[in-house]
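# Understanding the architecture of this molecule
Residue strings, one per chain:
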Amino acid sequence: DGGITQSPKYLFRKEGQNVTLSCEQNLNHDAMYWYRQDPGQGLRLIYYSQIVNDFQKGDIAEGYSVSREKKESFPLTVTSAQKNPTAFYLCASRYRDSGGRAFFGQGTRLTVV
Amino acid sequence: EDKVVQSPLSLVVHEGDTVTLNCSYEVTNFRSLLWYKQEKKAPTFLFMLTSSGIEKKSGRLSSILDKKELFSILNITATQTGDSAIYLCAVEVYGGSQGNLIFGKGTKLSVKP
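Below is a short write-up of the structure. (Residues numbered from 1 in each chain as written. Chains lettered and ligands numbered in written order. Predicted model: local features only at pLDDT ≥ 70, side-chain atom pairs only at ≥ 80, totals over all residues. Heavy atoms only, no water.)

The next subject is the overall build of chain B. Counting its regular elements, chain B contains zero helices and 11 strands. Put simply, chain B runs from its N terminus to its C terminus through helices and strands in the order β-β-β-β-β-β-β-β-β-β-β. Its C-alpha atoms give chain B a radius of gyration of 14 Å, near enough to 13 Å, the size a compact globule of 113 residues would have. Taking the principal axes of its C-alpha atoms as reference, chain B extends roughly 45 × 30 × 20 Å. Expressed as a percentage of the 113 residues in chain B, the buried residues total 47%. Working note: accessible area of chain B is about 5400 Å², and carbon and sulfur atoms make up 50% of it. Looking at chain B, you have 13 positive and 11 negative side-chain charges, and the mean spots of the two groups are 5 Å apart. (Helix = DSSP H or I, 4+ residues; strand = E, 2+ residues; numbered from the N terminus. Rg over C-alpha atoms; globule rule 2.2 N^0.38 Å. Buried < 20%, exposed > 50% of the residue type's maximum accessible area, 1.4 Å probe, protein only. Areas by Shrake-Rupley, 256 points an atom, 1.4 Å probe, with all protein chains shown as cover. Lys, Arg positive; Asp, Glu negative; His and termini not counted. Charge placed at Lys NZ, Arg CZ, Asp CG, Glu CD.)

What follows concerns the sheet that holds strand 1 (residues 4-7) of chain A. Residue and element names in this part refer to chain A. The four strands are arranged 1-3-8-7 in an open sheet whose pairing can be described as antiparallel. Single-partner strands in this sheet number two, and they are strand 1 and strand 7 (64-66). Averaged over all neighbouring strand pairs, the angle between strand axes comes to 20°, with direction disregarded. Pairing geometry for strand 3 (residues 19-25) and strand 8 (residues 76-78), over three bridges, is antiparallel. Note that in strand 8 the partner of Leu-21 across the bridge is Leu-76. (Pairing = 2+ DSSP bridges. Axes fitted to C-alpha atoms, helices over the stretch in contact; angles between N-to-C directions.)

This part takes up the environment of Ala-81 of chain A. Tracing the chain through its elements places Ala-81 of chain A in the loop between strand 8 and strand 9 (87-94). Remark: the alpha-carbon pair of Ala-81 of chain A and Asp-54 of chain A, spanning 27 residues in sequence, is separated by 22 Å.

Looking now at the pattern of salt bridges. Residues and elements named next belong to chain A. Considering all chains together, one arrives at seven salt bridges over all chains under this definition. A salt bridge links Lys-71 to Asp-30, with the nearest nitrogen and oxygen atoms 3.7 Å apart. Residue Lys-71 is found in the loop between strand 7 and strand 8, and its partner Asp-30 is found in the loop between strand 3 and strand 4 (31-37); the two are separated by 41 residues along the sequence. With a shortest N-O distance of 2.8 Å, Arg-44 and Asp-38 are connected by a salt bridge. Using a relative accessible area of 39% as the deciding quantity, one classes Arg-44 as partly exposed. Asp-38 sits in the buried class, given a relative accessible area of 17%. A single network of salt bridges, built from pairs that share partners, joins Arg-36, Asp-38 and Arg-44. (Salt bridge = Lys/Arg side-chain N within 4 Å of Asp/Glu carboxyl O.)

This part is about the packing of aromatic side chains. By the definition in use, this model includes 11 aromatic pairs over all chains. Aromatic pair Phe-104 of chain A and Phe-103 of chain B: ring centres 6.1 Å apart, planes at 70°, arrangement edge-to-face. Placement of Phe-104 of chain A in strand 10 (residues 103-104) and of Phe-103 of chain B in strand 10 (residues 101-103) is noted, with the two residues assigned to different chains. Grouping aromatic residues by their ring pairs yields a cluster made of Tyr-33, Tyr-35, Tyr-48 and Phe-104 of chain A together with Tyr-36, Phe-45 and Phe-103 of chain B. One cation-aromatic arrangement involves Arg-68 of chain A over Phe-74 of chain A; the distance from NZ or CZ to the ring centre is 6.0 Å. (Phe/Tyr/Trp six-rings, centres within 6.5 Å; stacked < 30°, edge-to-face > 60°. Lys NZ or Arg CZ within 6 Å of the ring centre and 35° of its normal.)

Now for the side chain of Thr-108 of chain A. All names here are of chain A. Tracing the backbone through its elements, the reader meets Thr-108 in strand 11 (residues 108-112). On the accessibility criterion, Thr-108 (0% relative accessible area) is buried. There is a polar contact of 2.5 Å between the side chain of Thr-108 and the backbone oxygen of Pro-8. If near-sequence neighbours (up to four positions away) are discounted, Thr-108 is found in contact with Gln-6, Ser-7, Pro-8, Lys-9, Leu-11, Leu-21, Ala-87, Phe-88 and Tyr-89. (Polar contact = N/O pair within 3.5 Å; in protein donor to acceptor, adjacent residues only side chain to side chain. Contact = heavy atoms within 4.5 Å.)

Here it is, written out as structure tokens:
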């Protein structure tokens, strides 16, 4: 079945550590997105990528980094520079040119301990 | 700057009530408007609207778009506790920033028994 997979579902990080969240899709989508969601809130865009080897900052990119070396994969690294990283992270993908709805992964809940 | 505004941000109703959620937008190069429901994890797709005045319906949920007045509404009739969720509105644009997909902050709906 085609879909978008995020891992892990839950992640605990000590302060000062970098962690990487995985996002893989087999839908042949060009565009991929990372969003952050805080409790009871909407989605805030961290980074997005519309083609391989290219990505753009969203509204809250500080303290985060991404790469897009393969069409299927768009990992997000939460660095120690992110002051308040505890949140729910959602990855999404969609077709760039024909548009349409975005498909979401199940999310990763990151907690800093 | 493209923006999507949802109202209200939160809403508490009792089972059986009818609710109307609002989504207004100011964007250049509008392509479509999408509604999602998010309960615990991944947002699930509800509707995609591209034409004014054509109601989309799925069970107790319905939605309509007004491209002249730049808004959409999502109606839920005979609400149930299972309708409790965050409802997200997103607008797809041609050639814009944010990866051509702009989300509102969401409306948190709580349905009390």
